[in-house]
Amino acid sequence: MDRRHVLKGGMAGALTLWASPLLQAGQRTNDGVRQLTNTISILDGGGSNIAAFSSADGIVLVDTGAPNNGDRVMAALKGLGGNPNVHTVFNTHHHLAQTGNNEAFAAAGAKIVAHDRTRQWLSVDHWLPDQDRYQKARPKAAWPTDVFFNTGTRTIGGEQIDYGYLLVAHTAGDIYVYFKDSNVLAVGDVASPLNDPELDWITGAWIGGRVSAMDRLLKIGNDQTRVVPGTGPVMTWAEFKAERDLMEVVRLRLFKQIRQGDGPQDMVDGGVLKGLARTWKDPYKFLYAAARGLWGNHNKLDPDVV
Ligand SMILES: [Zn+2]
């Protein structure tokens, strides 16, 4: 962040914050706020990350956390300084852990920006196969107000914010949000440094889409970019690239297995996730979703498919 840029914006609140010990980058306060840059903090949305950009024009959020965390998140936002009104919310995808408090922020006047597929999944009852239950459509107040299909850019509080679609990487409607001046890239659950990578296959997500999306993200940032995942610690560029490379190894192994007609248990038994630089908490669950996604994309599995 360019200091002159902020001064020009007349961010009295931000200047006050700079004088505060809370502003030490990387420091975590006892209300679960991690200060990432002078203007961007990571809040605990009830197990998932919320990125909050503070400016004279108000706050920009990436995701709103899990249900029933709205009051706590709003209280933490007040502690950030600057203009405490939430100007704009981006939803990286439709899952409850990312959209759980949309209603509260919409009621407070925020616009909600998301991919049109995210709006669709929020607005209809749908089956959650891994939980064996239906998810009711969310109330209209939780739906995105500004939808897009490919990419967009906005300038809020002097920051250029670019956003775009990550085709079937984790759900049907994943997006990245890139705070360009701050060089912080929020990617939702398309990066997963802590939890097992998740492929929401019933919405169309699959491992080929995930690797392609990670390749697209690698063209957006640079060596200094910090990556905010949906859950877990903020990643360096090298860490994000390492996760992409690992997922590519998994993709190649899975393509081989699926072409042999293997199902998820065959893949577990065949040790398809063995010898990698990460372990899975629930390998079968990941491989089941991966296999479902692979069958849905069988016409894209390498040219030697018969
Ligand atoms: Zn998710």
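Residues numbered from 1 in each chain as written. Predicted model: local features only at pLDDT ≥ 70, side-chain atom pairs only at ≥ 80, totals over all residues. Heavy atoms only, no water.

Caption draft 1: Seen up close, the coordination of the zinc ion. Around the zinc ion, the donor atoms from the protein are His 93 (NE2), His 95 (ND1), His 170 (NE2) and Asp 189 (OD), and they sit 2.1 to 2.3 Å away. In this structure, the zinc ion is surrounded by four donor atoms whose angles at the metal cover 92 to 167°, and the resulting shape is irregular. Going along the chain, you hit the donors of the zinc ion in the pattern H-x1-H-x74-H-x18-D. Of this pair, His 93 sits in the loop between strand S5 (86-90) and helix H4 (96-99) while Asp 189 sits in the loop between strand S13 (184-188) and helix H7 (207-220), and the two are 96 residues apart along the sequence. (Donors = N, O, S within 2.8 Å, 3.2 Å for Na, K, Ca; no water. Tetrahedral: all angles 85-135°; square planar, octahedral: opposite > 155°, others 65-115°. Helix = DSSP H or I, 4+ residues; strand = E, 2+ residues; numbered from the N terminus.)

Caption draft 2: Local environment of the packing of aromatic side chains. Evaluated as defined, the whole model comprises nine aromatic pairs. Look at Phe 90 and Tyr 163: their rings are 5.1 Å apart centre to centre, the planes differ by 55°, and that puts the pair in the tilted class. Of the two residues, Phe 90 sits in strand S5 while Tyr 163 sits in strand S11 (residues 159-165), which places them 73 residues apart along the sequence. A relative accessible area of 0% means that Phe 90 is categorised as buried. Residue Tyr 163 is classed as buried on the basis of its relative accessible area of 6%. Members of the aromatic cluster, connected to one another through ring pairs, are Phe 90, Phe 148 and Tyr 163. (Phe/Tyr/Trp six-rings, centres within 6.5 Å; stacked < 30°, edge-to-face > 60°. Buried < 20%, exposed > 50% of the residue type's maximum accessible area, 1.4 Å probe, protein only.)

Caption draft 3: Region of the structure containing the sheet that holds S13. Spatial strand order, S10-S11-S12-S13-S14: five strands in an open sheet with mixed pairing. Each edge of the open sheet carries a strand with a single partner, namely strand S10 (151-156) and strand S14 (226-229). Strand after strand, the sheet turns through a mean of 20° between neighbouring axes, direction not considered. Direction of pairing for S11 relative to strand S12 (residues 175-179): antiparallel, over a ladder of five bridges. Its bridge partner being in S12, Tyr 165 is matched across the sheet by Ile 175. (Pairing = 2+ DSSP bridges. Axes fitted to C-alpha atoms, helices over the stretch in contact; angles between N-to-C directions.)

Caption draft 4: Just helix H10 (residues 283-296), in detail. In this model, H10 (14 residues) spans 20 Å end to end at C-alpha, consistent with the 20 Å of a helix rising 1.5 Å per residue. All of the buried residues along H10 are Phe 286, Leu 287, Ala 289, Ala 290, Ala 291, Gly 293 and Leu 294. Buried residues belonging to H10 abut H7, helix H8 (237-259) and helix H9 (264-269). (Expected span 1.5 Å × (residues − 1). Contact = heavy atoms within 4.5 Å.)

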